[in-house]
Amino acid sequence: MYEIIKRRRSVRVFLPNAISREDLNKILDAGRLAPSANNLQQWEFVVVDDKDLRLALSDLCQWGRFIKTAPVTIAVFGDRQNSSTPLDCAAATENMIIMASALNIASCWVAGYRKPHSESIRKLLSVPRNYELVSLIVLGYSDADVKMPDKRSLESVTHFNKF
Ligand SMILES: Cc1cc2nc3c(=O)[nH]c(=O)nc-3n(C[C@H](O)[C@H](O)[C@H](O)COP(=O)(O)O)c2cc1C
């Protein structure tokens, strides 16, 4: 698991190769099994693999233009009334990204929570009004050699007992 977490990178250039349904189901299942406040599990995963919808998504999303080059994007929505929605959906998103990494499938988390494109994406995907977008998970096989960006050291982020 440590190796899988260390080798995961945000990838923004993808090969056209499709992701198998078996692998896609494992990724979605990892999201389903994530922790959630009070175990409410109020998340919905919309799998976008239709070419026209992927193009429309990337047109709407100014920080995710590369969505059009990836075979699949999962849009993660949560119940608008639940104050834990961003946290629960972030946990599900990270589980899916790590599962993808374990399957050698590259990913990029694209911002969705309360962004200018959030409502247009909800409407595009026919998601009911009581849900809100939290994240977009762009998935595919990497066509780039992405190096680890600068990360803060373990010592600098860790505080034992007091800050
Ligand atoms: C909440 C969140 C929102 C993000 N939004 C975007 C985005 O809109 N577009 C993008 O290209 N990357 C996005 N990223 C990916 C980050 O840029 C990336 O995780 C960061 O640069 C560190 O690189 P790494 O993932 O390879 O460790 C987002 C990541 C997170 C956690």
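Placed above this text is the structure.
In this report, the structure presented in the accompanying data block is examined. (Residues numbered from 1 in each chain as written. Predicted model: local features only at pLDDT ≥ 70, side-chain atom pairs only at ≥ 80, totals over all residues.)

The number of helices and strands found in the protein is 6 helices and 4 strands. Counting from the amino terminus, the protein carries its helices and strands in the arrangement α-α-β-α-β-α-β-α-β-α. Relative to the 2.2 N^0.38 estimate, which gives 15 Å for 163 residues, the radius of gyration of the protein is 16 Å and therefore close to what a compact globule would have. Referenced to the eigenvectors of the C-alpha coordinate spread, the extents of the protein come out at roughly 50 × 40 × 30 Å. The proportion of buried residues among the 163 residues of the protein is 31%. Considering only contacts within the protein whose residues lie at least 6 apart along the sequence, 79% involve residues at least 24 apart. (Helix = DSSP H or I, 4+ residues; strand = E, 2+ residues; numbered from the N terminus. Rg over C-alpha atoms; globule rule 2.2 N^0.38 Å. Buried ≥ 20, exposed ≤ 12 C-beta atoms within 10 Å, placed from the backbone. Contact = placed C-beta atoms within 7 Å.)

For the rest of this paragraph, the subject is the nonpolar core. Ranked by internal contacts, the top residues of the largest apolar core, which has 33 residues, are Ala75, Val76, Met96, Ile137, Val138 and Leu139. Per-element accounting of this core gives the leading share, 7 residues, to strand 4 (residues 131-140). For valine 76, the residues in contact, after removing those within four places along its chain, are Trp43, Phe45, Cys89, Ala92, Thr93, Val134, Ser135 and Ile137. (Core = buried A, V, L, I, M, F, W, Y, C linked by C-beta atoms within 7 Å.)

This part covers the site of the ligand. In the vicinity of the ligand, the residues found are Arg9, Ser10, Arg12, Trp63, Gly64, Cys108, Trp109, Val110, Ala111 and Pro149. Of the residues contributing to the shell around the ligand, the split by class is 6 nonpolar, 2 polar and 2 charged. (Near = placed C-beta within 6 Å. Nonpolar A, V, L, I, M, F, W, Y, C, P; charged D, E, K, R; others polar.)

A few words on the sheet that holds strand 4. By definition, the strands of a sheet pair up through backbone hydrogen bonds, in either a parallel or an antiparallel sense. On the basis of which strands lie adjacent, the open sheet formed by 4 strands has the order 1-2-4-3 and antiparallel pairing. Edge strands, defined here as strands with exactly one partner in the open sheet, are strand 1 (43-48) and strand 3 (106-111). The average angle at which neighbouring strand axes cross in this sheet is 25°, direction not considered. Note: strand 3 against strand 4, 6 bridges, orientation antiparallel. Of the residues in strand 4, the one forming a bridge with alanine 106 is glycine 140. (Pairing = 2+ DSSP bridges. Axes fitted to C-alpha atoms, helices over the stretch in contact; angles between N-to-C directions.)

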